[in-house]
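Examining the three-dimensional arrangement
Here are the chains, one letter per residue:
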Amino acid sequence: MEIDLSRITLRQFKPTDVDDFMLWAGDEQVTRSLGWNTFTSGEEALTYIKDVCIPHPWRRSICIYDRSIGFVSIFPGSGDDRCRADIGYAIAVKYWGHGIASEAVKLALNEVFKAFPMC
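This text gives an overview of the structure that appears in the document. (Residues numbered from 1 in each chain as written. Predicted model: local features only at pLDDT ≥ 70, side-chain atom pairs only at ≥ 80, totals over all residues. Heavy atoms only, no water.)

Here we take up the sheet that holds strand E1 (residues 8-11). One open sheet holds the 4 strands; their spatial order is E1-E2-E3-E4, and the pairing between them is antiparallel. The open sheet terminates on both sides in strands that have one partner only, identified here as E1 and strand E4 (85-91). Each adjacent strand pair in this sheet contributes to an overall mean axis angle of 25°, direction not counted. Relative to strand E2 (residues 59-64), E1 is paired through 4 bridges, and the arrangement is antiparallel. Bridging across to E2, Arg11 finds its partner in Ser61. (Pairing = 2+ DSSP bridges. Helix = DSSP H or I, 4+ residues; strand = E, 2+ residues; numbered from the N terminus. Axes fitted to C-alpha atoms, helices over the stretch in contact; angles between N-to-C directions.)

Right, here's the structure in full:
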């Protein structure tokens, strides 16, 4: 499978992402390294999207043709660590090894430096 990296976009999650979200967040291969439990129902996933993803200050859906295939999150530090941040991401297994996560992180960093004040 060849992926056109120019088709990768980042956007805020929306409740209608629930089915696409389940394709990757319901896969133990994806979630085992996240510190999340694998999602087992659409209802559980929808609650997570509404209560965690949407209100998060910088969690974005990694999309191809506006379909969610994963996420990238930035967690800015505070206090003495205000000039640091942690980043997390995951993508659906079928997209592993195609440079998508690397491209999504690049896009995220470009956007986050605009969104957060500089030190």
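Before going further, it helps to spend a moment on helix H4 (residues 100-115). Helix length check: H4 (16 residues) gives 22 Å between terminal C-alpha atoms against 22 Å at 1.5 Å per residue, within 8%. Where H4 is concerned, the buried positions are Ile100, Ala101, Ala104, Val105, Ala108 and Val112. Considered in projection along H4, the buried side chains sweep an arc of 125° and stay on one side of the axis. Every exposed residue of H4 that faces more than 90 degrees away from the buried side is listed here: Lys106, Asn110, Phe113 and Lys114. Looking at the packing, one finds that the buried side of H4 touches E1, E2, strand E3 (67-76) and E4. (Expected span 1.5 Å × (residues − 1). Buried < 20%, exposed > 50% of the residue type's maximum accessible area, 1.4 Å probe, protein only. Arc of directions from axis to C-beta. Contact = heavy atoms within 4.5 Å.)

The quantities given are spatial measurements derived from coordinates; they are silent on function.
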